[in-house]
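Read off the chains here:
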Amino acid sequence: MMQSSPLNFRRAIIWIGRLVLGGIFIYAGYSKAFLPNKNLWPFFILKFSIAMNISNFASQVAAFKLLPPWGVQFVAHTLPFTEILLGLLLLIGWRLRIWASLLTLIMLGFFGVVLRAYLLHMDINCGCFAIPEPINLKKVLEDAALSGLALVMTIFAFIEARQLHPWAGHETRQAQV
């Protein structure tokens, strides 16, 4: 019987996805909530206000014209902290199938929203990070690639969960066969 190696293609994609998407989500959430607001440069105190940053992010969410005012406020107040938590859980790898599935749903949602805004020729900022970035074809392709990575990572995480771990002892292998 051939023993599988500890690192195969699926596991490599899972690790790459965890590191890339986890890091991006942590930075995206952090930048929305905690990075200085560059629009208020003369008011030093307001530059570092979390409430001001959330308010700025809420205006970016409202520009997509998808949610009622209470939905915009809910998304603006919860999404940055959800992204930070989800990124950390993805990097840790605990209950990976659950968090990878949730991240894939969020990424596909982001991709759908950005694609809709691009196809409707909306002249708005993405709201992905603290730096204002207009929605263009590059942003759509970037979201598509990250959504694809999230989807492949999730599928591979479910496949790998069904496989016997390669470092399991010989006795464990015979007991399960």
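The structure this text deals with has already been given above.
Cut-off values and rules
Residues numbered from 1 in each chain as written. Predicted model: local features only at pLDDT ≥ 70, side-chain atom pairs only at ≥ 80, totals over all residues. Heavy atoms only, no water. Salt bridge = Lys/Arg side-chain N within 4 Å of Asp/Glu carboxyl O. Helix = DSSP H or I, 4+ residues; strand = E, 2+ residues; numbered from the N terminus. Buried < 20%, exposed > 50% of the residue type's maximum accessible area, 1.4 Å probe, protein only. Phe/Tyr/Trp six-rings, centres within 6.5 Å; stacked < 30°, edge-to-face > 60°. Lys NZ or Arg CZ within 6 Å of the ring centre and 35° of its normal. Polar contact = N/O pair within 3.5 Å; in protein donor to acceptor, adjacent residues only side chain to side chain. Contact = heavy atoms within 4.5 Å. Patch = residues over 30% accessible without salt bridge, like charges linked within 9 Å, V, L, I, M, F, W, Y side chains within 5 Å. Areas by Shrake-Rupley, 256 points an atom, 1.4 Å probe, with all protein chains shown as cover.

Novice: Honestly, the pattern of salt bridges in this entry has me stumped. Any pointers?
Specialist: Side chains that differ in charge, positive against negative, can pair when their charged atoms come close. By the definition in use, this model includes six salt bridges. A salt bridge links glutamate 83 to lysine 32; its shortest N-O distance comes to 2.9 Å. Of this pair, glutamate 83 sits in helix α4 (residues 69–92) while lysine 32 sits in helix α1 (residues 9–33), and the two are 51 residues apart along the sequence. Here glutamate 83 and lysine 32 have matching classes, each one buried. Note that lysine 138 and glutamate 133 form a salt bridge whose closest N and O atoms lie 3.7 Å from each other. With a relative accessible area of 21%, glutamate 133 lands in the partly exposed category.

Novice: Looking at this model, I keep getting lost on the packing of aromatic side chains. Mind explaining?
Specialist: For any pair of aromatic rings, the description rests on two quantities: the centre-to-centre distance and the angle between the ring planes. A complete count under the given rule lists five aromatic pairs for this structure. Between phenylalanine 9 and phenylalanine 156 the ring centres are 6.1 Å apart and the planes differ by 70°, which places this aromatic pair in the edge-to-face class. Of this pair, phenylalanine 9 sits in helix α1 while phenylalanine 156 sits in helix α6 (residues 137–162); the two residues are 147 residues apart in sequence, bridging distant segments of the chain. With 5.6 Å between their ring centres and 35° between their planes, tyrosine 30 and phenylalanine 34 make a pair best called tilted. The exposure class assigned to phenylalanine 34 is partly exposed, which follows from its relative accessible area of 32%. Geometry around tryptophan 15 places arginine 18 over its ring, the cationic atom sitting 4.5 Å from the centre.

Novice: How should I be thinking about the side chain of serine 31 in this particular structure?
Specialist: One can find serine 31 in helix α1. We classify serine 31 as buried; its relative accessible area is 2%. A distance of 3.0 Å separates a polar atom in the side chain of serine 31 from the backbone oxygen of alanine 28. In this view, serine 31 contacts Cys128, Phe129 and Ala130; residues no more than four positions away in its chain are not counted.

Novice: Sorry if this is basic, but what is going on with a nonpolar patch on the surface here?
Specialist: Among the surface-exposed residues, Tyr27, Tyr30, Phe34, Ile50, Phe81 and Ile131 lie close enough to one another that they form a single nonpolar patch of about 560 Å² accessible area. Along the chain, the position of tyrosine 27 falls in helix α1. Residue class for tyrosine 27 comes out partly exposed when judged on its relative accessible area of 39%.

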